[in-house]
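# Structural features, examined
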Amino acid sequence: MNRFAIEDSFAVQPDRFVFAGRVLEGRAERGMVFEVPEAGHRWQLSVQSVEFIRKAGGSELIGLVVRDNHYLPGLGAGWTAELHEHAT
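Model, not experiment: these values are computed from the prediction.

Conventions and cut-offs
- In this numbering scheme, every chain counts its residues from 1 along its sequence in written order.
- Thresholds applied to this predicted model are a pLDDT of at least 70 for local features of residues and 80 or more for the giving and counting of side-chain atom pairs; totals over whole chains, interfaces and linings are not thresholded and use all residues.
- As a convention, hydrogens and water are excluded, and side-chain values are obtained from all of the structure's heavy atoms.
- A pair of strands is treated as paired once DSSP finds two or more bridges between them.
- The helix and strand labels rest on DSSP assignments: H or I over at least four residues marks a helix, E over at least two residues marks a strand, and numbering proceeds from the N terminus.
- Helix axes are fitted to C-alpha atoms over the stretch in contact, other axes to C-alpha atoms as well, and angles between N-to-C directions run from 0 to 180 degrees.
- For the exposure calls, accessible area comes from a 1.4 Å probe over protein chains only, and a residue counts as buried if that area is under 20% of its type's maximum, exposed if over 50%, partly exposed in between.
- Salt bridge criterion: a side-chain nitrogen from Lys or Arg within 4 Å of a carboxyl oxygen from Asp or Glu.

## Some thoughts on the sheet that holds strand S4 (residues 43-54)
- Reading around the circumference, S1-S2-S5-S4-S3-S6 is the order of the 6 strands in this closed barrel, with antiparallel pairing throughout. Between one strand axis and the next, the sheet turns through 50° on average, direction left out of account.

## Digging into the environment of Leu24
- By the element assignment, Leu24 lies in strand S2 (residues 16-25).
- By relative accessible area, which is 46% here, Leu24 ends up partly exposed.
- Between the alpha carbons of Leu24 and Arg54 there is a distance of 18 Å; along the sequence they are 30 residues apart.

## Description of the pattern of salt bridges
- Inspection of the entire model under this criterion finds 6 salt bridges.
- Measuring nitrogen to oxygen at the nearest pair gives 3.1 Å for the salt bridge that ties Glu25 to Arg3. Of this pair, Glu25 sits in strand S2 while Arg3 is found in strand S1 (residues 2-12), placing the two residues 22 residues apart along the sequence.
- Across the salt bridge formed by Asp15 and Arg16, the nearest N and O atoms sit 2.8 Å from each other.
- The class for Asp15 is partly exposed, based on a relative accessible area of 31%.
- The partly exposed category is assigned to Arg16, whose relative accessible area is 22%.
- Connected through shared salt-bridge partners, Arg27, Glu29 and Glu85 make up one network.

Listed below in structure tokens is the structure:
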């Protein structure tokens, strides 16, 4: 299983949203389906890219970039996402 701890989230213009955090188990790759069971309606988003995000002080997080900009900053913080291979 691939699991990702969401620590923060924010919009990137014009139409991307980033869930920033750490891989807890497995891996995170472009094309995986990002699912958050704790969201109540089980978000299912395709990961557009995986980026490194440098925080103030030099530490880094992994950013899972999805195509959407309608979420509010901080959404999902403290939740754990599951990452699944994209079904073909």
